Amino acid sequence: MVVFIRSYLRHVDGKLAKYLKVLDEAQIPYHFVGWERGTVPAQKSSHDTYYSRPAALGAGWRSLIGIFFWNLFVLRWLLKNNRQVDLVHAIDLDTAMAVKVYAALCRKPWIFDVYDKYSSLRYFPGASGRWVDKLENYLLKTADAGILADPCRFEQHGLSPSSLPSVMVLENVPQKSEVQQYVPVSDQQPVRVAYFGVLEAKNRGLEDLLAACEQLPACELHVAGYGPLADLFTQSAQQHPHIHYYGAQSSVQGLQIMQSCQIVVGMYYKRVPNHLFAAPNKYYEHLMLGRAMLTTAGIPTADKVCAHQTGWAIEEGQQAIAEWLQGLDMQQIQTAAARARHVWQEQYADYFDQHYAGQYLQTVRALRRV
């Protein structure tokens, strides 16, 4: 069987859901090993095993002790279940170290899937960050196959695509089946703005978005997700009838909420180095749904949104968001939304079949025969 390992929950990982769909359709058995941490409980099935040591999300280098014991758990589980394991798919650096040791000991093939560059996401400064980068690149080069989330990530890692033929790019493009059908954006008033994802403090502009929307009842804000800002959104929704908070939702539920709105928000403040190479789900989701997008100026997502005229890229801060909200025009929203759907049809409608059910599945089958 193929074993997927990530230090988080299966049911909130949209990219993992695509891998599992591919294996389900190919009738290849799999198992997921994850870490039940944070405040959102896991939705467990017979295909899941969870490590349950308590740990906070987003603790950066302070979580190193927990990561050490997590890696011990992963290594022990793999060794115990070695006879059933054909291939291991490790997601991010905090999982890959244990998998590398296991693969070397038991001569099993493995895939290293880098969702995000670890030192940039976890705030490792100076020499420690450079050491982490070297370790991550070494594992990417020595894995039987590697996966990056966007072509720009080669530059972020300081790697050359031509020198790493075993590393493929799999963008986090949603499956067409995740929404029942395309629904054109409505001209319903008030304007409805949606955010679905991690409720991370400071770095995604969510506090600024909320504060700006609270002052403008003519705009509804619909938010679904989990994370440190959950209480802030809960309190705001209780106090303001035009603020709606739905709590943690599945990827399908999140897409349905975004589809019910006219604008999707995906802001990534540049104080986080990883955001300079962001390849967010929301970019592809706004295309598939045919919804306009708001993002942050100066990041790759902004370049794409501006090039295709599918939304807006603005500066960081509450004032910039408030000015954007006050200047919204329904005709402009509908035009951007229609362009977004056109880009989806032209560039990404067949992406899942070609790359996940195609390139990725071929790699899995080849490695399982090794």
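Shown above is the structure to which this text applies.
Residues numbered from 1 in each chain as written. Predicted model: local features only at pLDDT ≥ 70, side-chain atom pairs only at ≥ 80, totals over all residues. Heavy atoms only, no water.

Geometrically, the link from Gln 189 to Pro 190 is a cis peptide bond, its omega value of 0° lying close to zero. Note on placement: Pro 190 falls in the loop between β7 (167-169) and β8 (191-198). Phi angles above zero are rare outside glycine, and Gln 27 is one such case at about 60°. With respect to the element layout, Gln 27 can be found in the loop between α1 (14-26) and β2 (30-35). Positive phi is not limited to glycine here, since Arg 107 has a value of about 55°. Along the chain, Arg 107 turns up in the loop between α3 (93-106) and β5 (110-114). What makes Arg 107 exposed here is its relative accessible area of 78%. (Helix = DSSP H or I, 4+ residues; strand = E, 2+ residues; numbered from the N terminus. Buried < 20%, exposed > 50% of the residue type's maximum accessible area, 1.4 Å probe, protein only.)

Here we come to the pairing of strand β1 (residues 2-5). Alternating positions in β1 separate into two faces, Val 2 and Phe 4 on one and Val 3 and Ile 5 on the other, with burial throughout. With α1 bridging β1 and the parallel β2, this β-α-β connection has right-handed handedness. Sheet topology note: the β1/strand β4 (residues 87-91) ladder contains four bridges and is parallel. From the neighbouring strand, Val 2 faces β4, where its bridge partner is Leu 87. (Right-handed = clockwise from strand over helix to strand, strands pointing away. Pairing = 2+ DSSP bridges.)

A separate point is the nonpolar core. Counting residues in hydrophobic clusters, the biggest one holds 53 residues, and the most contacted among them are Phe 4, Tyr 19, Leu 23 and Tyr 360. The leading source of residues in this core is helix α14 (residues 351-368), at seven residues. Among residues more than four places away in sequence, those in contact with Phe 4 are Leu 16, Tyr 19, Leu 20, Leu 23, Tyr 30, His 31, Phe 32, Val 33, His 89 and Tyr 360. By size, the runner-up hydrophobic cluster in this structure holds 37 residues, among which are Ile 67, Trp 70, Val 85 and Tyr 118. (Core = buried A, V, L, I, M, F, W, Y, C linked by side-chain atoms within 4.5 Å. Contact = heavy atoms within 4.5 Å.)

Below, the discussion takes up the packing of aromatic side chains. Applying the stated criterion across every chain, the model contains 20 aromatic pairs. Judged by centre distance (5.4 Å) and plane angle (75°), the rings of Tyr 284 and Tyr 348 are edge-to-face. Remark: Tyr 348 occurs in helix α13 (residues 330-348) and Tyr 284 occurs in helix α10 (residues 281-289); sequence separation between them is 64 residues. Like Tyr 284, the residue Tyr 348 is buried in the burial classification. One aromatic cluster in this structure is built from Phe 4, Tyr 19, Tyr 283, Tyr 284, Trp 344, Tyr 348, Tyr 351, Phe 352, Tyr 356 and Tyr 360. (Phe/Tyr/Trp six-rings, centres within 6.5 Å; stacked < 30°, edge-to-face > 60°.)

For the rest of this paragraph, the subject is the sheet that holds strand β3 (residues 48-51). On the basis of which strands lie adjacent, the open sheet formed by seven strands has the order β3-β2-β1-β4-β5-β6-β7 and parallel pairing. This sheet does not close on itself; its edge strands, each paired only once, are β3 and β7. Taking the axes of each pair of neighbouring strands and ignoring which way they run, one obtains an average angle of 20° across the sheet. Relative to β4, α3 is tilted by about 155°, and along the sheet it contacts β1, β4 and β5. Strand contacts of α14: β1, β4, β5, β6 (145-148) and β7, with the helix running at about 160° to β7, the strand carrying the most contacts. (Axes fitted to C-alpha atoms, helices over the stretch in contact; angles between N-to-C directions.)

Taken together, the side chains of Ile 65, Phe 68 and Phe 69 present a nonpolar region at the surface, about 320 Å² in accessible area. Within the secondary structure layout, Phe 68 lies in helix α2 (residues 64-80). (Patch = residues over 30% accessible without salt bridge, like charges linked within 9 Å, V, L, I, M, F, W, Y side chains within 5 Å. Areas by Shrake-Rupley, 256 points an atom, 1.4 Å probe, with all protein chains shown as cover. Salt bridge = Lys/Arg side-chain N within 4 Å of Asp/Glu carboxyl O.)

Taken residue by residue, helix α12 (residues 318-326) has Ala 320, Ile 321, Trp 324 and Leu 325 as its buried positions. Along the axis of α12, the buried positions cluster into a sector of 135°, meaning they face one direction only. Opposite the buried face of α12, by more than 90 degrees, sit the exposed residues Gln 319 and Gln 326. The inward-facing, buried residues of α12 abut β8, α7 (206-214), β9 (219-226), β11 (263-266), β12 (292-296) and β13 (311-314). (Arc of directions from axis to C-beta.)

This brings us to the pattern of salt bridges. Inspection of every chain in the model, using the stated rule, returns nine salt bridges. The salt bridge involving Lys 270 is made with Glu 316; its shortest N-O contact spans 3.5 Å. In this pair, Lys 270 is assigned in the loop between β11 and α10 and Glu 316 in the loop between β13 and α12, connecting sequence segments 46 residues apart. Assessed through its relative accessible area of 30%, Lys 270 is described here as partly exposed. On the basis of relative accessibility, which here comes to 28%, the residue Glu 316 falls in the partly exposed class.

Attention shifts here to the environment of Val 2. Tracing the chain through its elements places Val 2 in strand β1. Overall, the relative accessible area of 0% leaves Val 2 in the buried class. Spatially, the C-alpha atoms of Val 2 and Gln 84 are 8.7 Å apart, while their sequence positions differ by 82 residues. Non-local contacts of Val 2, meaning those with residues more than four positions away in its chain, are made with Leu 23, Ile 28, Pro 29, Tyr 30, His 31, Leu 87, Val 364 and Arg 368.

At their nearest, the axes of α1 and α14 sit 10 Å apart, and the two run at 70° to each other. Between α1 and α14, the angle is such that the two are roughly perpendicular. The way α1 lies across α14 gives a crossing that is right-handed. For the pair α1 and α14, contact is made by Lys 15, Lys 18, Tyr 19, Lys 21, Val 22, Leu 23 and Ala 26 and by Phe 352, Tyr 356, Ala 357, Tyr 360, Leu 361, Val 364 and Arg 365, respectively. When the residues that make up the contact of α1 with α14 are grouped by side-chain class, the tally is ten nonpolar, no polar and four charged. (Parallel < 35°, antiparallel > 145°, perpendicular 65-115°, else oblique. Left-handed = near helix turned anticlockwise from the far one by under 90°. Nonpolar A, V, L, I, M, F, W, Y, C, P; charged D, E, K, R; others polar.)

So, to be careful, I would describe these as geometric facts and stop short of saying anything about function.
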